[in-house]
Amino acid sequence: QVQLVESGGGLVQPGGSLRLSCAASGSIFSINAMGWYRQAPGKQRALVARTTNGGTTNYADSVKGRFTISRDNAKNTVYLQMNNLKPEDTAVYYCLAVVDTTTVFWGQGTQVTVSS
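A quick note: this is a predicted structure, and the numbers were derived from the prediction, not measured.

It is worth spelling out the pattern of salt bridges at this point. As enumerated under the stated definition, the model contains three salt bridges in all. Aspartate 89 serves as the salt-bridge partner of arginine 38, at 2.9 Å between the closest nitrogen and oxygen. Within this pair, whereas arginine 38 is found in strand β4 (residues 31-39), its partner aspartate 89 is found in the loop between β8 (77-82) and β9 (91-99), the two being separated by 51 residues in sequence. Neither arginine 38 nor aspartate 89 differs from the other in exposure class; each is buried. The closest approach of N and O atoms between lysine 64 and aspartate 61, which form a salt bridge, is 3.1 Å. For aspartate 61, a relative accessible area of 65% translates into the label exposed. Ionic contacts of the salt-bridge type, sharing partners, join the residues Arg38, Arg66 and Asp89 into one network.

Here's what the structure looks like:
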């Protein structure tokens, strides 16, 4: 089992920045990848960014050049730096961890609202 605790969401004006954090605990030695998904009202949960143990990163096209995912293995934490935020980035952001390449664990979600 892996437990994930997210923090860092909130309300920000368009053009602003936020950094999300996700701390993992439990069977962390089995984690193969970590990342972030988001779900806006009335929409399906969708990939934002993902990073593997091998260093491969993937981003949704809509956030490329604005968001950066990073991982601190010593702290078992993954971060999502979000710059130049837009109203369409408003969503609940969920952290995930992939264990043994097959099992996915999710965090509880953190709300990000971009509004003037």
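Where a strand is regular, its side chains alternate between the two sheet faces. The pairing of β4 with strand β5 (residues 46-52) spans six bridges and is classified as antiparallel. Paired with alanine 33 across the two strands is threonine 52, which belongs to β5. In textbook terms, the turn of a hairpin is the stretch between consecutive antiparallel strands, and for β4 and β5 this stretch comprises six residues, one of which, glycine 42, has a positive phi near 80 degrees. Of the pairings in the sheet, the one linking β5 to strand β6 (residues 57-59) comprises three bridges and is antiparallel in character. Paired with alanine 49 across the bridge in β6 is tyrosine 59. Turn length for the β5-β6 hairpin, with the two strands adjacent in sequence and antiparallel, is four residues, and the turn residue glycine 55 shows positive phi of about 95 degrees.

For any pair of aromatic rings, the description rests on two quantities: the centre-to-centre distance and the angle between the ring planes. Tallied over the entire structure, the rule returns two aromatic pairs. Ring plane angle 85 degrees and centroid distance 5.3 Å describe the contact between tyrosine 37 and tryptophan 106, whose orientation is recorded as edge-to-face. Taken together, the positions of tyrosine 37 in strand β4 and tryptophan 106 in strand β10 (residues 103-106) put the pair 69 residues apart, joining distant regions of the chain. Taken together, a centroid distance of 6.5 Å and an interplanar angle of 90 degrees make the contact between tyrosine 94 and tryptophan 106 edge-to-face. Here tyrosine 94, found in strand β9, pairs with tryptophan 106, found in strand β10; they are 12 residues apart in sequence, far enough to count as distant. Note on tyrosine 94: relative accessible area 14%, which makes it buried.

Definitions and cut-offs
- Residues numbered from 1 in each chain as written.
- Predicted model: local features only at pLDDT ≥ 70, side-chain atom pairs only at ≥ 80, totals over all residues.
- Heavy atoms only, no water.
- Salt bridge = Lys/Arg side-chain N within 4 Å of Asp/Glu carboxyl O.
- Helix = DSSP H or I, 4+ residues; strand = E, 2+ residues; numbered from the N terminus.
- Buried < 20%, exposed > 50% of the residue type's maximum accessible area, 1.4 Å probe, protein only.
- Pairing = 2+ DSSP bridges.
- Phe/Tyr/Trp six-rings, centres within 6.5 Å; stacked < 30°, edge-to-face > 60°.

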